[in-house]
Amino acid sequence: MNNYESVFIATPVLSDQQLEELFGKFRGVITENGGQIVNEEAWGVRKLAYPIQKKTTGYYFLLEFTGEGSLVDILETQYRRDERVIRFLTFRQDKYAVEYSEKRRNKLAGKTTEKKEEE
Amino acid sequence: MAANNNAQQSEIRYLNPVTVDVRKKKYCRFKKAGIKYVDYKDPEFLKKFLNEQGKILPRRLTGTSQKFQKKVAQAVKRARHLAILPFVTDLMK
């Protein structure tokens, strides 16, 4: 059971309801195939550093989950099939990454006002 | 043999004393700060390792050790893939 972190960008033209449904779809893909979601975040619409498919903004989603390696292949084929997803990146977290994301999550959850120092 | 070399060298008169600039000892900021993981999701931190065009700065300028330079490069490339950082730009700072 490895820890994975996956970020994908959806086209900004979708309505909130469609975005939620899209996010739920990938959440379902993970849970159905024996994965377990550790953390999920929606960063909202952000400006892209360079236009992707002629669009300059995108809706970012982050999914952190644990699962088998085969789960990632399934997830990525789903990403490729869905044309609303314009870019995705999935990678396996090493132990430092897991530790860092936990610390980051506590900090975000804690809503502490002090600056998010780089760990 | 070395003796007379020194003799010849010493005959050379410099107009002004040769100034050797005292170089600040570079250190790896990751080891010093105890940072273990370079996060690709935070552009502000990564920008410290990019020049104006958005290219990754070499180790000899930033002084980071090879282990962390690889992590920084990996993080920058991931950020570029996700359009968090541009591949090439002008006047990024």
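It should be noted that the structure appears before, not after, this text.
Since the structure is predicted, the reported quantities are computational estimates derived from the model, not experimental observations.

Visitor: Describe the side chain of Glu-76 of chain A, naming the residues involved and giving the relevant values.
Guide: The topology assignment puts Glu-76 of chain A in helix α2 (residues 69-81). If near-sequence neighbours (up to four positions away) are discounted, Glu-76 of chain A is found in contact with Phe-88 and Thr-90 of chain A.

Visitor: Give a description of the packing of aromatic side chains that names residues and reports values.
Guide: A full pass over the atoms with the stated rule returns 17 aromatic pairs over all chains. On the basis of an interplanar angle of 80° and a centroid distance of 5.5 Å, the ring pair of Phe-91 of chain A and Tyr-40 of chain B is categorised as edge-to-face. Within this pair, whereas Phe-91 of chain A is found in strand β4 (residues 85-92), its partner Tyr-40 of chain B is found in the loop between α2 (29-33) and α3 (43-47), the two belonging to separate chains. Comparing Phe-91 of chain A with Tyr-40 of chain B, the two get one shared label, buried. With a centroid separation of 6.1 Å and an interplanar angle of 90°, the aromatic rings of Phe-30 of chain B and Phe-45 of chain B are classed as edge-to-face. Within this pair, whereas Phe-30 of chain B is found in helix α2, its partner Phe-45 of chain B is found in helix α3, the two being separated by 15 residues in sequence. Side by side, Phe-30 of chain B and Phe-45 of chain B carry an identical accessibility label, which is buried. Members of the aromatic cluster, each reached through a chain of ring pairs, are Phe-8, Phe-23, Phe-26, Tyr-59, Phe-61, Tyr-79 and Phe-88 of chain A. Over the ring of Phe-23 of chain A we find Arg-27 of chain A; its NZ or CZ atom is 4.6 Å from the centre of that ring. When the ring centre of Tyr-27 of chain B is taken as reference, the NZ or CZ atom of Lys-32 of chain B above it lies at 4.6 Å.

Definitions and limits used
Residues numbered from 1 in each chain as written. Chains lettered and ligands numbered in written order. Predicted model: local features only at pLDDT ≥ 70, side-chain atom pairs only at ≥ 80, totals over all residues. Heavy atoms only, no water. Helix = DSSP H or I, 4+ residues; strand = E, 2+ residues; numbered from the N terminus. Contact = heavy atoms within 4.5 Å. Phe/Tyr/Trp six-rings, centres within 6.5 Å; stacked < 30°, edge-to-face > 60°. Buried < 20%, exposed > 50% of the residue type's maximum accessible area, 1.4 Å probe, protein only. Lys NZ or Arg CZ within 6 Å of the ring centre and 35° of its normal.

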